[in-house]
Amino acid sequence: MQDTSHHEHLATRGERLLAVVLEIVIFVGVGFGFMWIGNFVFKQGWVGRTSEFGDLLGGAVIIGLVVIQIVLMVKRSQTVGKYFLDLQVVRVDNEKRIGFWKYSIIRTFIGETLIVGALPIFNFIFQPIYSVVDVMFIFRKDRRTLHDLIAGTKVIHLAPEKRAKSFFDFSKL
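Residues numbered from 1 in each chain as written. Predicted model: local features only at pLDDT ≥ 70, side-chain atom pairs only at ≥ 80, totals over all residues. Heavy atoms only, no water.

*Asks:* Could you give me a rundown of the packing of aromatic side chains, with the residues and numbers involved?
*Replies:* Following the criterion strictly, the structure yields one aromatic pair and no others. Ring centres 5.6 Å apart and planes at 75 degrees place the aromatic pair Tyr83 and Phe84 in the edge-to-face group. What makes Tyr83 buried here is its relative accessible area of 7%. In this structure Phe84 comes out as partly exposed when scored by relative accessible area, which is 38%. (Phe/Tyr/Trp six-rings, centres within 6.5 Å; stacked < 30°, edge-to-face > 60°. Buried < 20%, exposed > 50% of the residue type's maximum accessible area, 1.4 Å probe, protein only.)

This is the structure in structure tokens:
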């Protein structure tokens, strides 16, 4: 069993929550912001009709953010929110970064979605319940959520020498 007595480098529950909130604000706020700007600039969305340009602009920005998210997952084992908070997802056994496969497929797709999504008829009932249970696991001593346990991961603070050197530092960790 893993020694759980030294957790000073683990991300706090608040930091993990803030990382998720940042991602929601960035993706939704920026994406819809660009849609609104595009609609406003071309005055078509202002009277109730949507502007194709605004929708395309917002969609392109969201796709760009998804690409940045994927690059961060592959190169730094981070999401956008974790990047801004200097947090990283690592393997629980050796604290090495995890790759895209483990991050996106095991941790996110299976750990957060597929378990419940396999039953689409009951998805509207079980997904919210599973999401609450997943998040409640953060109150364990080791601060690992259910999707962390499934993937064998944990979230830690990055050492100062590994932190991003600039706003768009996508160097591999």
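Let's pick the thread back up.
*Asks:* Could you give an account of the side chain of Thr153, naming the residues involved and the relevant values?
*Replies:* Considering the arrangement of structural elements, one finds Thr153 in strand β2 (residues 153–157). There is a polar contact of 2.9 Å between the side chain of Thr153 and the side chain of Asp148. In contact with Thr153, other than residues within four places in its own chain, are Val89, Val90, Arg91, Val92, Ile98, Arg107, Arg144, His147 and Asp148. (Helix = DSSP H or I, 4+ residues; strand = E, 2+ residues; numbered from the N terminus. Polar contact = N/O pair within 3.5 Å; in protein donor to acceptor, adjacent residues only side chain to side chain. Contact = heavy atoms within 4.5 Å.)

*Asks:* Tell me what's going on with the pairing of β2, and back it up with residues and numbers.
*Replies:* For β2, the tally of buried residues reaches four of five residues, placing the bulk of the element in the interior. Pairing analysis gives five bridges linking strand β1 (residues 87–91) to β2, with the strands arranged antiparallel. Among the inter-strand pairings, Val89 is bridged to a residue of β2, identified as Val155. (Pairing = 2+ DSSP bridges.)

*Asks:* Please set out unusual backbone geometry residue by residue, giving values where relevant.
*Replies:* Unlike most non-glycine residues, Ser77 shows phi in positive territory, near 55 degrees. When its relative accessible area of 0% is taken as the criterion, Ser77 is described as buried. The backbone of Glu95 sits at a positive phi, close to 60 degrees, despite the residue not being glycine.

*Asks:* Outline the side chain of Lys154, supporting the account with residue identities and numerical values.
*Replies:* With respect to the helices and strands, Lys154 occurs in strand β2. There is a polar contact of 2.7 Å between the side chain of Lys154 and the side chain of Glu95.

*Asks:* Can you lay out the environment of Val66 for me, pointing to particular residues and giving the numbers?
*Replies:* Residue placement: Val66 occurs in helix α2 (residues 52–76). Residue classification places Val66 among the partly exposed residues on the basis of a relative accessible area of 36%. Separated by 14 residues in the primary sequence, Val66 and Val80 have C-alpha atoms spaced 9.3 Å apart.

*Asks:* Help me get a handle on the packing of helix α1 (residues 13–41) against α2, residues and values and all.
*Replies:* A pair of packed helices can be characterised by two numbers: the angle between their axes and the separation between those axes. It is at 6 Å that the axes of α1 and α2 come closest, and there the two elements cross at 155 degrees. One finds that α1 runs roughly antiparallel with respect to α2. Crossing of α1 against α2: the hand is right-handed. Touching Glu23, Ile26, Phe27, Val30, Gly31, Phe34, Met35, Gly38 and Asn39 of α1 are Phe53, Gly54, Asp55, Leu57, Gly58, Gly59, Val61, Ile62, Leu65, Val66 and Gln69, all from α2. (Axes fitted to C-alpha atoms, helices over the stretch in contact; angles between N-to-C directions. Parallel < 35°, antiparallel > 145°, perpendicular 65-115°, else oblique. Left-handed = near helix turned anticlockwise from the far one by under 90°.)

*Asks:* Got a sec to walk through α2? Specific residues and values, please.
*Replies:* With 25 residues, α2 should reach 36 Å at 1.5 Å per residue; the first-to-last C-alpha distance of 35 Å fits that figure. Looking at α2, one finds that the buried residues are Gly54, Gly58, Val61, Leu65, Gln69, Leu72, Met73 and Arg76. Of the residues one or two after α2, Ser77 is the one with positive phi, at around 55 degrees. (Expected span 1.5 Å × (residues − 1).)

*Asks:* How would you explain the environment of Val30 if you had to name every residue and give the values?
*Replies:* Among the structural elements, Val30 can be located in helix α1. Note on Val30: relative accessible area 30%, which makes it partly exposed. As for Val30 and Val61, which are separated by 31 residues in sequence, their C-alpha atoms are 7.6 Å apart. Not counting residues within four places of it along the chain, the set of residues in contact with Val30 comprises Val25, Val61 and Leu65.

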